[in-house]
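Next come the chains, spelled out residue by residue.
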Amino acid sequence: LSVQRMTLPDLFFPVPRPHGKCFAHRSELKQAKRIVVKLGSAVVTRGDECGLALGRLASIVEQVAMLQNQGREMLIVTSGAVAFGKQRLRHEILLSQSVRQALHSGQSQLKEMSVPVLEARACAAAGQSGLMALYEAMFTQYSICTAQILVTNLDFHDEQKRRNLNSTLHELLRMNIVPIINTNDAVVPPPVPNSDLQGVNVISIKDNDSLAARLAVEMKVDLLIALSDVEGLYDSPPGTDDAKLIDIFYPGDQQSITYGTKSRVGIGGMEAKVKAALWALQGGTSVVIANGTYPKLTGHVITDIVEGKKVGTFFSEVKPAGPTVEQQTEMARHAGRTLASLDPDQRGEIICCLAELLTEKKDEILSANKRDMEIATVSGSFSQPLINRLSLSSSKLNSLAIGLRQLAVASRDSVGRVLRRTRVANNLELEQITVPIGVLLVIFESRPDCLPQVSALAIASGNALLLKGGKEAPHTNRILHQLTQEALSIHGVSDAIQLVSTREEVEDLCRLDKLIDLIIPRGSSELVRNIQRAAKGIPVLGHSEGVCHVYVDSEASIDKAINVVRDSKCDYPAACNAMETLLVHRDLLRAPIFDQIIDMLRSEQVKIHAGPRFASYLTFSPSEVKSLRTEYGDLECCIEVVDSMQEAVDHIHKYGSAHTDVIVTENEDTAEQFLQQVDSACVFWNSSTRFADGYRLGLGAEVGISTARIHARGPVGLEGLLTTKWVLRGEGHTVADFSEQGSMTYLHENRPVPQGSLPEYR
């Protein structure tokens, strides 16, 4: 086993950590070397409490085996002997009763049989061997040996027995064997009330929670994972109206918890789990309480916890100075509702104030940005295109300020705008009005200029906003957020926009489906795809790639073609709206226009990759492209040849990303066909792809460019951050009034929508 495990590519090498100091953050759990997995009765047993949940148990064994084969030391504290024994004894009793009835009655029909109440210790005695045999058979599938250890309270309180137990466990771990530990329920006496915790050095073993905690401290375990039938620790009993799952629990928070009843099986409960967890934490072991029964999580709950994902409740001694991300979201939602209720002019004043601050504090912003640029460059961890996107300049800040002032004007006709007015019946008036979406989460890489743009759009649309910036721009993001909150404070809504600065992983943020209404990713295609995969319960607005095309038609103007291609590729090659593929009509290959385009690209130091067909025309061609779907994000592009405008359209539909595509031609009919047929968010004629931008198209600013086909598409500005609600005003109307026996009839008359007047939004 040792030789086999040493050859694994994912062998685990922990960073040495002195025991007694718990992990402060979830992200550090990856370094856990020695781990105890405690399986509660509700996890191991079936719903009928008679027999084991074999599917769940098999999944848990698979995860434990995976971690063991990574080089970690795994221990299991398990329940289940009573349930397994109950199943066996019931079967034996029923079989025995049926035989006796048959002998006494001599009849083939048996009377209804009743099973007596079974004593738990007898069930445990009958079930232990079967439970262990099951574990051994399951772990054997992964070439892992197991060993059974039954303990009682005396084994920890008797010094000699405690030393023997400790020695045995260490020897088993040394031999790469997984110890499977359980209380010896066949002989253990019933638990004594109020004899639970008696200080740091003593914990009464009254259930498997306290056993796991005592064992964790005794064996200097790094991490204790306690699996139960609830998602973790709630601030009030799960199922009650206001119950909230606690992400991180700190010592001293016990007074804020209201405990419910214990689980359907077992002798513990959540209160016992918390006490045991805090005892283990005080002894130097990190603890996570999570759900081991939920079908969608059971398959990876243990490995997810070890990978640092936000699963269950993490017990930590280190309390952060600021609010948690959940608290930040609640603060933003509350302040966002106040923001939405402000007069349009007041929201405009906030945006204008932010524009002024960008100009007034220009030196401080650029100084912070310079510091981020230097750190990013020296670290060597970031690509050059990403570092380019990180850069701010005076001209960029000036453009931002201009765009924000445009947006301030547009915001006066946003929240509460009447889109439709209908007279449903006499004295029954219906309106459809615009309202904010709610809480937005914008996750952005590099591009710190995104922060004031998105903030201004959230202000204009009355939305609360949660911002998660990349680690490459902390100083720039911090000062821009401070200026945003300063602008918001003029009308008392500074909490409406929050910057997440904790160690929250993006995947964890995407799980806050009860707090966040829309996610908008701004960054690489990899980032967007990861968020789209992770955010299963929250809509995601964005595009995964920016594979933009420029098609130069056979009837193109030389000057227009050169200017459009140069600007589309060279103005800002790191942008998502930069040209990545140049499509050229075949007839132009021997024409001067093609040579001039190539000369221009070379003079701009653009590296050219040849598409398969273009390469076939050349004796000595540039490097052939690996994929026609490549987003270079740099001074590189692909050139491919097509026979017609229709072939260009087909190429774009096959290899493009539905972002922005351009035709250069003097033939109006050809251009109109291209504009109508290409199914992209932005389709241009004789114009650079770089116009696909909220500011350039007059939206003032944008939160991103969407390639989705519902809600919002293309540059998403103010309109894309609004939804609608229906307002009906009546005088005691009922549906029964409009039935066959009723006295009223539907009119459904469209009424004119007043221009320039907004109802008060609340």
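The rules behind the values
- Residues numbered from 1 in each chain as written.
- Predicted model: local features only at pLDDT ≥ 70, side-chain atom pairs only at ≥ 80, totals over all residues.
- Heavy atoms only, no water.
- UniProt positions renumbered as here; feature names shortened; annotations may be inferred.
- Axes fitted to C-alpha atoms, helices over the stretch in contact; angles between N-to-C directions.
- Helix = DSSP H or I, 4+ residues; strand = E, 2+ residues; numbered from the N terminus.
- Parallel < 35°, antiparallel > 145°, perpendicular 65-115°, else oblique.
- Left-handed = near helix turned anticlockwise from the far one by under 90°.
- Contact = heavy atoms within 4.5 Å.
- Nonpolar A, V, L, I, M, F, W, Y, C, P; charged D, E, K, R; others polar.
- Salt bridge = Lys/Arg side-chain N within 4 Å of Asp/Glu carboxyl O.
- Buried < 20%, exposed > 50% of the residue type's maximum accessible area, 1.4 Å probe, protein only.
- Core = buried A, V, L, I, M, F, W, Y, C linked by side-chain atoms within 4.5 Å.
- Phe/Tyr/Trp six-rings, centres within 6.5 Å; stacked < 30°, edge-to-face > 60°.

Going by what an unreviewed UniProt entry lists, the chain is known as Delta-1-pyrroline-5-carboxylate synthase and is assigned to Gouania willdenowi. In its Subcellular location (unreviewed entry) section, UniProt records this for the chain: "Mitochondrion matrix". Quoted straight from UniProt, the Subunit (unreviewed entry) entry for the chain says "Can form homodimers/multimers."

Draft legend 1. Structural context of the packing of helix 13 (residues 344-360) against helix 17 (residues 450-461). Closest axis-to-axis distance for the helix 13/helix 17 pair is 9 Å, and the angle between their directions is 165°. Taken together, the axis directions place helix 13 and helix 17 in an arrangement best described as roughly antiparallel. The way helix 13 lies across helix 17 gives a crossing that is right-handed. In this structure, helix 13 contributes Arg 347, Ile 350, Ile 351, Leu 354 and Leu 358 to the contact, and helix 17 contributes Pro 452, Ala 456, Ile 459 and Ala 460. In terms of residue class, the contact of helix 13 with helix 17 is built from 8 nonpolar, no polar and 1 charged.

Draft legend 2. Fine view of the pattern of salt bridges. A full pass over the atoms with the stated rule returns 36 salt bridges. Ionic pairing is found between Glu 218 and Arg 162, a salt bridge with its closest N-O pair at 2.4 Å. Here Arg 162 lies in helix 7 (residues 159-174) and Glu 218 lies in helix 8 (residues 208-218), a separation of 56 residues in the sequence. Residue Glu 218 is classed as buried on the basis of its relative accessible area, which comes to 14%. Connected through salt bridges with shared partners, the residues Glu 159, Arg 162, Arg 163, Arg 214 and Glu 218 form a single ionic network.

Draft legend 3. Quick peek at the nonpolar core. Grouped together as the largest cluster of nonpolar side chains are 49 residues, with contacts concentrated most on Ile 350, Ile 351, Ile 365, Leu 407, Val 442, Leu 465 and Leu 467. When residues of this core are assigned to their parent elements, the largest contribution, 8 residues, is made by helix 17. When residues no more than four places from it in sequence are discounted, the contact partners of Val 442 are Cys 450, Val 454, Leu 465, Leu 466, Leu 467, Lys 468, Ile 520 and Arg 522.

Draft legend 4. Layout of the packing of aromatic side chains. As enumerated under the stated definition, the model contains 4 aromatic pairs in all. Both rings, one in Tyr 551 and one in Phe 674, keep their centres 6.4 Å apart while their planes meet at 20°; by these two values the pair is stacked. Of this pair, Tyr 551 sits in strand 15 (residues 548-552) while Phe 674 sits in helix 25 (residues 668-677); the two residues are 123 residues apart in sequence, bridging distant segments of the chain. Residue Tyr 551 shares its accessibility class with Phe 674, and that shared class is buried.

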